[in-house]
Amino acid sequence: ENCFFCAMAEGYAGDRDANKESAMLCRILSADLASSEMAELASELDAESKPRLLNVENVERVLMAKLSSRALLAEKLKYLRECSKACEEVRRDARYPPPVLQQLPKVHQMIGNYGSLSMTCAELFGHDSVPSDQASACLKSMYDRRELTIFFLDAMANAMEEPDQMA
């Protein structure tokens, strides 16, 4: 016998709608797999015989492509800030089904992780490393101009391995 709560849990745990998840992630990441910026990822998905859809499993690949195309730390952080804002808007709108919305915390933490990596490991994206004093000055300047949300700063702080990395 299936109890009501078991049926509810099954409905929320699985059944991620691939098209809706992709639409949500395209909105959050400002990504279009048909664009030249995403051409390499689209080719990789084709080679892997995977559909040209974004999902939580390939968010990191999108972030790598997006951040690699932005040389300046401020550009990277502004892009990630926009992603963070979009994440919060999507959560508030609740236009997507619960199993898709349940992916938001993972996505937002990845955005924070990549914000931290942008500050501490620019070489990962094929760019010159940014001295920590320059990175913190950039972050402080954006904060002073109210360009960073607490939601985004919290995700970045959670991604930092050592508290003194932010100093």
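Here is a short report on the structure shown in this document. In this text the structure is predicted, and so the values were computed from the model without any measurement. (Residues numbered from 1 in each chain as written. Predicted model: local features only at pLDDT ≥ 70, side-chain atom pairs only at ≥ 80, totals over all residues. Heavy atoms only, no water.)

## Structural notes on the overall build of the chain
Formally: Helix and strand assignments come from DSSP, with helices taken as H or I runs of at least 4 residues and strands as E runs of at least 2, each series counted from the N terminus. Here the term buried applies to any residue with accessible area under 20% of the maximum for its type, exposed to any over 50%, and partly exposed to those in between, with areas from a 1.4 Å probe on protein chains only. Contacts were defined at the residue level, with two residues in contact if any of their heavy atoms lie within 4.5 Å. Per-residue and other accessible areas were derived by the Shrake-Rupley procedure at a 1.4 Å probe size, with only the shown protein chains allowed to occlude residues.
In terms of regular secondary structure, the chain is built from 9 helices and 0 strands. Starting at the N terminus, the α and β elements of the chain follow one another as α-α-α-α-α-α-α-α-α. Across the 167 residues in the chain, those meeting the buried criterion constitute 38%. Counting contacts in the chain only where the partners sit at least 6 residues apart, residues at least 24 apart contribute 72% of the total. Working note: accessible area of the chain is about 9,300 Å², and carbon and sulfur atoms make up 52% of it.

## Things to note about the packing of helix α2 (residues 18-29) against helix α7 (residues 104-120)
This is how it is decided: Angles here are taken between N-to-C directions and fall from 0 to 180 degrees, while the axes themselves are lines fitted to C-alpha atoms, restricted in helices to the stretch in contact. We call two directions roughly parallel when the angle between them is under 35 degrees, roughly antiparallel when it is over 145, roughly perpendicular when it lies between 65 and 115, and oblique otherwise. Handedness of each helix crossing follows the sense of rotation of the near helix against the far helix: counterclockwise by less than a right angle gives left-handed, clockwise gives right-handed. The classification used treats Ala, Val, Leu, Ile, Met, Phe, Trp, Tyr, Cys and Pro as nonpolar, Asp, Glu, Lys and Arg as charged, and all other residues, Gly among them, as polar.
Their axes nearest at 12 Å, the elements α2 and α7 cross at an angle of 30 degrees. Taken as axis vectors, α2 and α7 run roughly parallel relative to one another. The handedness of the crossing between α2 and α7 comes out as right-handed. Residue-level contacts link M24, L25 and I28 of α2 to L104, V107 and I111 of α7. Among the residues forming the contact of α2 with α7, the class breakdown is 6 nonpolar, no polar and no charged.

## Topic: the pattern of salt bridges
We apply this condition: For salt bridges, the criterion is a side-chain nitrogen of Lys or Arg within 4 Å of an Asp or Glu carboxyl oxygen.
For the structure on display, the rule yields 15 salt bridges. Across the pair E88 and R92 runs a salt bridge whose closest N-O atoms are separated by 3.8 Å. A residue pair is termed a helical-turn pair when its members lie 3 or 4 positions apart in one helix, as E88 and R92 do in helix α5 (residues 73-93) at 4 residues. Here E88 falls in the buried class, since its relative accessible area comes to 17%. Connected through salt bridges with shared partners, the residues E44, E48, K50 and R61 form a single ionic network.

## Some remarks on the nonpolar core
This is how the line gets drawn: As used here, the term nonpolar core means buried Ala, Val, Leu, Ile, Met, Phe, Trp, Tyr and Cys residues forming a set that is joined through side-chain atoms within 4.5 Å.
Membership of the largest hydrophobic core comes to 44 residues, with the highest contact counts inside it found for M24, I28, L29 and L77. Contributing elements (two or more residues each) for this core: α2, α3 (39-47), α4 (59-68), α5, α6 (98-101), α7, α8 (132-144) and α9 (150-159). Counting residues per element, this core draws most heavily on α5, at 8 residues. If sequence neighbours within four positions are ignored, I28 has contacts with C83, A86, C87, V90, L104, V107 and I111.

## Quick word on the packing of α7 against α9
Between α7 and α9, whose axes approach to 7 Å, the crossing angle comes to 70 degrees. In terms of orientation, α7 and α9 fall into the roughly perpendicular class. Crossing of α7 over α9 shows right-handed handedness. Residues H108, Q109, I111, G112, N113, G115, S116 and M119 of α7 pack against F151, F152, A155, M156, N158 and A159 of α9.

## Observations regarding the environment of Y79
Tracing the sequence through the fold places Y79 in helix α5. Looking at Y79, the relative accessible area reads 7%, which means it is buried. The sequence separation of Y79 and L67 amounts to 12 residues, and the corresponding C-alpha distance is 8.1 Å. Sequence-distant contacts of Y79, defined by excluding residues within four places in its chain, comprise L29, S30, L63, K66, L67 and R70.

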